[in-house]
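# Structure assessment
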Amino acid sequence: MILQIFSLALLLVYAVVMLRYWRSWHKIPSVHIGSKTPATFFSVLIPVRNERQQIGNLLQDLENQNYPKNCYEIIVIDDHSTDNTAEVLTDFKRQSRLQIELLFLASFSEKMHKKAAVQAGIAQAQGPWIICTDGDCRIPANWLASFNQLRHQSKAKLISGPVALFPTENWFEKLQTLEFAGLIGVGAASIEQNAPTMCNGANLAYEREAFYAVNGFAGNDHIASGDDEFLLHKISEKFTGQVAFLKSKDGLVSTSPQANLWAFLQQRVRWASKWKHYDSSQSRWLALLVLGANAVVVGAFVAATICLWSWPLCFAALALKLIPDFIILKSVLELSDKKKLLWFLPLLQVVYLP
């Protein structure tokens, strides 16, 4: 009985937290691009490694931006690619009107991994604002304009942008996209609450001076992952209330889901490796709460199967978990026009804990 009460209490706390995130998501103002907004000069950083098949599409997206060509530069940092990524970039640069600079991380002594690539790019950047994305991403035509709009509206030092997975052709890709939408929604809502937990380096902008004001990646540069979230936490701590989320379809970056289960697990191991290094207690408690809620649902089903719990109690536990998930995911998926994926929520609940 005590275990049942504790389990339901944990799920109730989870439901309250998720519904607060849902409310915060709706409080984030949508960004609408104004015709008279002054153009900020942006330095777009793209760390790449073996991206010859995808990088051309991203560069073409940058060529097609509805933004003055003299108000942004592209800095591509090649992190020890073993394919002909550099040749693709050089060929594109010859026929492009963009300001493109190609750096090779191998030229910097003993520098490897994404954080070193970003640091190298920032050192070469001319713009007061840095925008980061990845070589396998696709961006809409008003991507820069939407960041510029929010940069003027909010006076933020860091802006986190939305990311969605695409394509979603099979059930595995659909489950990844659904779960990923939850991460984006919670990250955005936590920013609105002035207690940021997460963001994504595939769509992230920040003031160059703010990066140096918090000493960049110092203190966590030995960790391969975390070029996004550690910086988010540091800037949020130093510049309270000056972090914003770009709630706009014009700012939505799309990236590919993981191709197979092994690649997905490797990605999550990298993400999880950051957990013990967080200074933010909220990030730690949120991770534990999500783990606990999912464990309770699975445990309730097993307990009902072996007659330790009643089935009505099991279904009550499931409702406390799934209804808040459905509510917040529905709102977030509207941004990427993927609400149909909500049909996969029960299946996601089954496979999520493992």
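An account of the accompanying structure is given in this report. (Residues numbered from 1 in each chain as written. Predicted model: local features only at pLDDT ≥ 70, side-chain atom pairs only at ≥ 80, totals over all residues. Heavy atoms only, no water.)

Moving on, we get to the packing of aromatic side chains. Within the structure shown, the criterion is met by eleven aromatic pairs. With 6.0 Å between their ring centres and 70° between their planes, Trp 171 and Phe 172 make a pair best called edge-to-face. We classify Trp 171 as exposed; its relative accessible area is 53%. A relative accessible area of 15% means that Phe 172 is categorised as buried. (Phe/Tyr/Trp six-rings, centres within 6.5 Å; stacked < 30°, edge-to-face > 60°. Buried < 20%, exposed > 50% of the residue type's maximum accessible area, 1.4 Å probe, protein only.)

Before going further, it helps to spend a moment on the pattern of salt bridges. Tallied over the entire structure, the rule returns ten salt bridges. Its salt-bridge partner being Asp 134, residue Lys 114 comes within 2.9 Å of it at the nearest N-O pair. Here the residue Lys 114 occupies a position in helix α4 (residues 113-124), and Asp 134 occupies one in the loop between β4 (129-132) and α5 (143-154), the gap between them amounting to 20 residues. For Lys 330, the salt bridge goes to Glu 334, with nearest N and O atoms at 3.5 Å. Taken together, the residues span about one helical turn, with Lys 330 and Glu 334 both in helix α11 (residues 311-336) at a distance of four residues. (Salt bridge = Lys/Arg side-chain N within 4 Å of Asp/Glu carboxyl O. Helix = DSSP H or I, 4+ residues; strand = E, 2+ residues; numbered from the N terminus.)

Let us look at the environment of Leu 335. Tracing the chain through its elements places Leu 335 in helix α11. Given the relative accessible area of 14%, Leu 335 is considered buried. Taking the C-alpha atoms as reference points, Leu 335 and Ala 164, 171 residues apart in sequence, are found 9.2 Å from one another.

Here the focus is the side chain of Gln 4. Structurally, Gln 4 is set in helix α1 (residues 2-27). At 3.4 Å, the side chain of Gln 4 and the backbone oxygen of Leu 308 are in polar contact. Every residue in contact with Gln 4, bar those within four places of it in the chain, is listed here: Leu 308, Trp 309 and Leu 313. (Polar contact = N/O pair within 3.5 Å; in protein donor to acceptor, adjacent residues only side chain to side chain. Contact = heavy atoms within 4.5 Å.)

So, on to the nonpolar core. Residues Ile 46, Leu 62, Ile 74, Trp 143, Tyr 206 and Ile 235 are the most contacted members of the largest nonpolar core, which totals 101 residues. It is helix α6 (residues 171-192) that provides the largest number of residues to this core, a total of nine residues. Once residues lying within four places of it in the same chain are set aside, the contact partners of Ile 235 are Lys 157, Leu 158, Tyr 206, Ala 210, Val 214 and Val 243. (Core = buried A, V, L, I, M, F, W, Y, C linked by side-chain atoms within 4.5 Å.)

The subject of this paragraph is the side chain of Thr 255. Its location among the elements puts Thr 255 in strand β9 (residues 253-255). Apart from residues no more than four positions distant in its own chain, Thr 255 is found in contact with Asp 136, Cys 137, Val 163, Ala 164, Leu 165 and Phe 166.

A separate point is a nonpolar patch on the surface. On the surface, Trp 285, Leu 288, Leu 291, Val 298, Phe 301, Val 302, Ile 306, Leu 308, Trp 311, Phe 315 and Leu 353 cluster together to form a nonpolar patch covering roughly 1,100 Å² of accessible area. Listed by contribution, the elements that provide at least two residues to the nonpolar patch are α10 (281-305) and α11. Sort the elements by how many residues they give to the nonpolar patch and α10 lands first, with six residues. Summarising the element assignment, Val 298 is placed in helix α10. What makes Val 298 partly exposed here is its relative accessible area of 31%. (Patch = residues over 30% accessible without salt bridge, like charges linked within 9 Å, V, L, I, M, F, W, Y side chains within 5 Å. Areas by Shrake-Rupley, 256 points an atom, 1.4 Å probe, with all protein chains shown as cover.)

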